[in-house]
Amino acid sequence: MKLNKEWHKEHKMPKNASFEERVHWHLEHQKHCKCAPIPKKLAEQMKEKGIKT
Ligand SMILES: [Zn+2]
């Protein structure tokens, strides 16, 4: 598992992130860093809404 420190420094997850913010964060995160996968629960919600993970 590689952590992209630079990316994380510049892309902090907002404290009270909305669903859309979390989705956006994780989609970007996925592209730049592999430290953690999208949480199962979020991935399921994204699937329900037809958002590709
Ligand atoms: Zn990461």
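Bear in mind the structure is a predicted one, so any value in this text is a computation, not a measurement.

K.L.:
Please provide a residue-by-residue account of the coordination of the zinc ion, values included.
P.N.:
Bound to the zinc ion are the protein donor atoms His8 (NE2), His29 (NE2), Cys33 (SG) and Cys35 (SG), situated 1.9 to 2.3 Å from the metal. For the zinc ion, the four donor atoms are set out with angles of 105 to 113° between them, so the coordination reads as tetrahedral. Classification of His8 as partly exposed rests on a relative accessible area of 22%. By relative accessible area, which is 29% here, Cys35 ends up partly exposed.

K.L.:
Explain the nonpolar core to me, using residue names and the numbers behind them.
P.N.:
Counting five residues, the largest nonpolar core is built from Phe19, Val23, Ile38, Leu42 and Met46. Of all the secondary-structure elements, those providing two or more residues to this core are α2 (19-32) and α3 (40-48). Dropping the residues within four chain positions of it, Val23 is found in contact with Leu42, Met46 and Ile51.

K.L.:
Give me the lowdown on α2, citing residues and values where you can.
P.N.:
The terminal C-alpha atoms of α2, which comprises 14 residues, lie 20 Å apart, in line with the 20 Å expected from a rise of 1.5 Å per residue. Looking only at α2, the buried set comprises Phe19, Val23, Trp25, His26 and His29. Seen from one end, α2 has its buried residues packed into an arc of 165°, which puts them on one side. Seen from the open side of α2, the exposed residues pointing more than 90 degrees away from its buried face are Glu20, His24 and Lys31. Close packing links the buried residues of α2 with α1 (5-10) and α3.

Conventions used here
- Residues numbered from 1 in each chain as written.
- Predicted model: local features only at pLDDT ≥ 70, side-chain atom pairs only at ≥ 80, totals over all residues.
- Heavy atoms only, no water.
- Donors = N, O, S within 2.8 Å, 3.2 Å for Na, K, Ca; no water.
- Tetrahedral: all angles 85-135°; square planar, octahedral: opposite > 155°, others 65-115°.
- Buried < 20%, exposed > 50% of the residue type's maximum accessible area, 1.4 Å probe, protein only.
- Core = buried A, V, L, I, M, F, W, Y, C linked by side-chain atoms within 4.5 Å.
- Helix = DSSP H or I, 4+ residues; strand = E, 2+ residues; numbered from the N terminus.
- Contact = heavy atoms within 4.5 Å.
- Expected span 1.5 Å × (residues − 1).
- Arc of directions from axis to C-beta.

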